[in-house]
Amino acid sequence: YVKPVDSSASIGNTLLTTASDLPAAFEHAMNHSSARRVVVEEVIEKSGYQIDSDIFMEKGELKYWLWANAHFDYKCSPPIEVANSYPAILKKEVGEKARNELEKILQLLNCRTGAFNVEFLVDSNDEIWFLEVAPRNGGSRIPELIKYATNNDMVKAIVDTAVGLDSQLVHVDSPIGCWSNYTLHSLEDGVLKDIWMSDRLKSKVVEKQIWSQPGDFVRKSRGGMDDLGEMILKFDDASEMISMLDDMDKDIKVIVDI
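From a predicted model like this one, the values you see are computed outputs, not experimental measurements. (Residues numbered from 1 in each chain as written. Predicted model: local features only at pLDDT ≥ 70, side-chain atom pairs only at ≥ 80, totals over all residues. Heavy atoms only, no water.)

### Observations regarding the side chain of D160
Part 1: Topologically, D160 is positioned in helix α4 (residues 154-162).
Part 2: Only 2.6 Å separates the side chain of D160 from the side chain of K156, close enough to count as a polar contact.
Part 3: In this structure D160 touches L165, D166 and S167, once residues within four positions along its chain are discounted. (Helix = DSSP H or I, 4+ residues; strand = E, 2+ residues; numbered from the N terminus. Polar contact = N/O pair within 3.5 Å; in protein donor to acceptor, adjacent residues only side chain to side chain. Contact = heavy atoms within 4.5 Å.)

As structure tokens, then:
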């Protein structure tokens, strides 16, 4: 992967498959880096899902964490993250190991209080590879999703701790039900005609925000800059949630005139 060091939402990333594409990938990453710096990362062979979530440090200790599965659309290049789902499919001991290692990292960096967006992979040996520990909340309505799934209000916690109050966050071992976000995106360049959703998907929608309208020019998604909207979904059970999120072409189609 060729990436800008200071971007987000996969903006400026390229999955490099041939050496001849490096100059273009490097320039693409540089164009999206305020610091004008680029990092090249070896692809890590993960076991299971990439794990994402927001966590919260308070007074030098990890106060809140709950891991989520990350779901990608591999028809985009680079593959873009389109959903985070709770609960995560992750061994309990691996989740605890990630929690302990993360707290150690943040303490070594002298981080005291605040929200962090975290992404990591687990390999076949149950080793943890942190991809990102960013001092901010995640995008794609992750704080709102966490509030639905756990009753923890991350936005309120940030404001409260900024003015010297306690966060009032409470760690939970599992979510209240099965929840996910979902990023609406196009697989083609063209003029947006419609966004079709199946009845079963409509029945899962708790919140929906679409900011692209019919007649707008949309692009095949290369990252967050090409998003068309966001949804929060509630599912009946984990198996239904995973099967739908990993095959959303059956339930949603962005229709464009090419």
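### Remarks on the nonpolar core
In globular proteins that are soluble, nonpolar side chains generally tend to be buried together.
Part 1: The biggest cluster of nonpolar side chains holds 23 residues, and the ones touching the most others in it are Y182, L201, M231, L245 and I252.
Part 2: Residue assignment for this core shows that the elements contributing at least two residues are β6 (80-86), β9 (178-184), β10 (190-197), β13 (229-235), α6 (238-245) and β14 (252-257).
Part 3: Residue contacts for M231: discarding those within four places in its chain leaves S180, N181, Y182, L184, M197, L201, V205, E207, K208 and I252. (Core = buried A, V, L, I, M, F, W, Y, C linked by side-chain atoms within 4.5 Å. Buried < 20%, exposed > 50% of the residue type's maximum accessible area, 1.4 Å probe, protein only.)

### Side note on the pairing of β9
Part 1: In terms of residue burial, β9 counts as a mostly covered element, since seven of its seven residues are buried.
Part 2: Because side chains alternate across β9, one face comprises the buried residues C178, S180, Y182 and L184, and the other comprises W179, N181 and T183, equally buried.

### Side note on the sheet that holds β14
Part 1: Here three strands make up an open sheet; going across it, the order is β12-β10-β14 and the pairing antiparallel. If you trace the sheet from one side to the other, it starts and ends with β12 (217-218) and β14, each paired once.
Part 2: The pairing of β10 with β14 spans six bridges and is classified as antiparallel. Bridging from a neighbouring strand, I195 pairs with V254 of β14. (Pairing = 2+ DSSP bridges.)

### Here's the deal with unusual backbone geometry
Part 1: Here Y86 and P87 are connected by a cis peptide whose omega angle stands at 5 degrees.
Part 2: Relative to the assigned elements, P87 resides in the loop between β6 and α2 (92-108).
Part 3: The backbone of K59 shows a phi angle near 55 degrees, a positive value even though the residue is not glycine.
Part 4: The topology assignment puts K59 in the loop between β3 (50-58) and β4 (61-64).
Part 5: The residue N110 is not glycine, and still its phi comes out positive at about 60 degrees.
Part 6: As for its placement among the helices and strands, N110 is situated in the loop between α2 and β7 (114-122).

### Things to note about the packing of aromatic side chains
Part 1: According to the stated counting rule, one finds four aromatic pairs in the structure shown.
Part 2: Considering the side-chain rings of F72 and Y74, the 6.1 Å spacing of their centres and the 40 degrees angle between planes classify their relative orientation as tilted.
Part 3: Looking at F72, the relative accessible area reads 22%, which means it is partly exposed.
Part 4: Overall, Y74 belongs to the exposed group, its relative accessible area being 55%.
Part 5: Taken together, the aromatic side chains of W67, F120 and F130 make up a single cluster linked through ring pairs.
Part 6: The positively charged end of K3 is found above the aromatic ring belonging to Y1, 5.5 Å away from the centroid.
Part 7: Stacked on the ring of W65, the Lys or Arg R99 has its end atom at 4.6 Å from the ring centre. (Phe/Tyr/Trp six-rings, centres within 6.5 Å; stacked < 30°, edge-to-face > 60°. Lys NZ or Arg CZ within 6 Å of the ring centre and 35° of its normal.)

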